[in-house]
Amino acid sequence: MALSHFGYSQYNEVQAGVAVARNFTHRFHVGMQFNYYAVLLSPTEGYKSTIIAQIGIVSKISEALYIGFHTYNPAQTNIKLTLTEKRIPSIFSVGTSYYFSDKLQWLGQLDKEIDYPLQWRTGFEYRIIEELSIKMGGNGNPFVPNLGVSVFAKKLQIDLNFERHPTLGINSICGLSYSFR
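Bear in mind the structure is a predicted one, so any value in this text is a computation, not a measurement.

Caption draft 1: Structural view of the nonpolar core. In this structure, Tyr37, Val39, Ile52, Tyr72, Ile79, Leu81 and Ile88 together form the largest nonpolar core, which totals seven residues. Residues within four places of leucine 81 in sequence aside, it is in contact with Leu41, Glu45, Lys48 and Lys86.

Encoded structure:
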């Protein structure tokens, strides 16, 4: 399950999703998520909503190398409003991860939103101890460096990341994950 909120009282976006995944072999995995997406563009317009799908595939090439593909909103769903249409991006991504060891991992990703240029991101994650890892990387043009930390407590994971954008300044992102397996 996933839940995200962005915005304030005059404009906000809410997305709630349910995902399922299946291992077809020990080297090939597929996941699918359906999201309820709602947007408030103004108090007079009220909330408008739709359902958005996302699909991901991961393949284990070797013990150290994984390659994956993900798409968000492949059907190019948009929300019709009274006077206009709220465009929801369709994003196609390919990514890879390489494990140098049990403690050090490199990640790379290319994203293509239909109407925008190709974007890239890369970074390293180092597992200091079983319960703690640090992350360092960057993305885009202009370059946006980022730094993060993950804390693991049994099936719970807390991620805290910071990035320094040249226009927006320092941004923070916090994530909370729970594994049912």
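On we go from here.
Caption draft 2: Main features of the sheet that holds strand S13 (residues 156-165). Spatially, the 12 strands line up as an open sheet ordered S1-S2-S3-S4-S5-S8-S9-S10-S11-S12-S13-S14, and their pairing is antiparallel. Two strands close off the open sheet at either side, each with one partner strand: strand S1 (2-8) and strand S14 (169-178). Geometrically, the sheet is characterised by an average inter-axis angle of 15° between neighbouring strands, direction not taken into account. The pairing of strand S3 (residues 28-40) with strand S4 (residues 47-60) spans 13 bridges and is classified as antiparallel. For asparagine 35, the partnering residue across the bridge sits in S4 and is isoleucine 52.

Caption draft 3: Representation of a nonpolar patch on the surface within the structure. Nonpolar side chains collect at one region of the surface, where Phe24, Phe28, Ile57, Ile61, Ile67, Phe69, Val94, Leu110, Leu118, Trp120 and Phe143 lie side by side and expose about 960 Å² of accessible area between them. Tracing the backbone through its elements, the reader meets valine 94 in strand S8 (residues 91-99). When its relative accessible area of 39% is taken as the criterion, valine 94 is described as partly exposed.

Caption draft 4: Spotlight on the pairing of strand S9 (residues 104-113). Across nine bridges, the pairing between S8 and S9 is antiparallel. Paired with tyrosine 99 across the bridge in S9 is glutamine 105. The antiparallel pairing of S8 with S9 creates a hairpin that spans four residues between the two strands. Sheet topology note: the S9/strand S10 (residues 119-129) ladder contains eight bridges and is antiparallel. Among the inter-strand pairings, glutamine 109 is bridged to a residue of S10, identified as arginine 121.

Calculation criteria
Residues numbered from 1 in each chain as written. Predicted model: local features only at pLDDT ≥ 70, side-chain atom pairs only at ≥ 80, totals over all residues. Heavy atoms only, no water. Core = buried A, V, L, I, M, F, W, Y, C linked by side-chain atoms within 4.5 Å. Buried < 20%, exposed > 50% of the residue type's maximum accessible area, 1.4 Å probe, protein only. Contact = heavy atoms within 4.5 Å. Pairing = 2+ DSSP bridges. Helix = DSSP H or I, 4+ residues; strand = E, 2+ residues; numbered from the N terminus. Axes fitted to C-alpha atoms, helices over the stretch in contact; angles between N-to-C directions. Patch = residues over 30% accessible without salt bridge, like charges linked within 9 Å, V, L, I, M, F, W, Y side chains within 5 Å. Areas by Shrake-Rupley, 256 points an atom, 1.4 Å probe, with all protein chains shown as cover. Salt bridge = Lys/Arg side-chain N within 4 Å of Asp/Glu carboxyl O.

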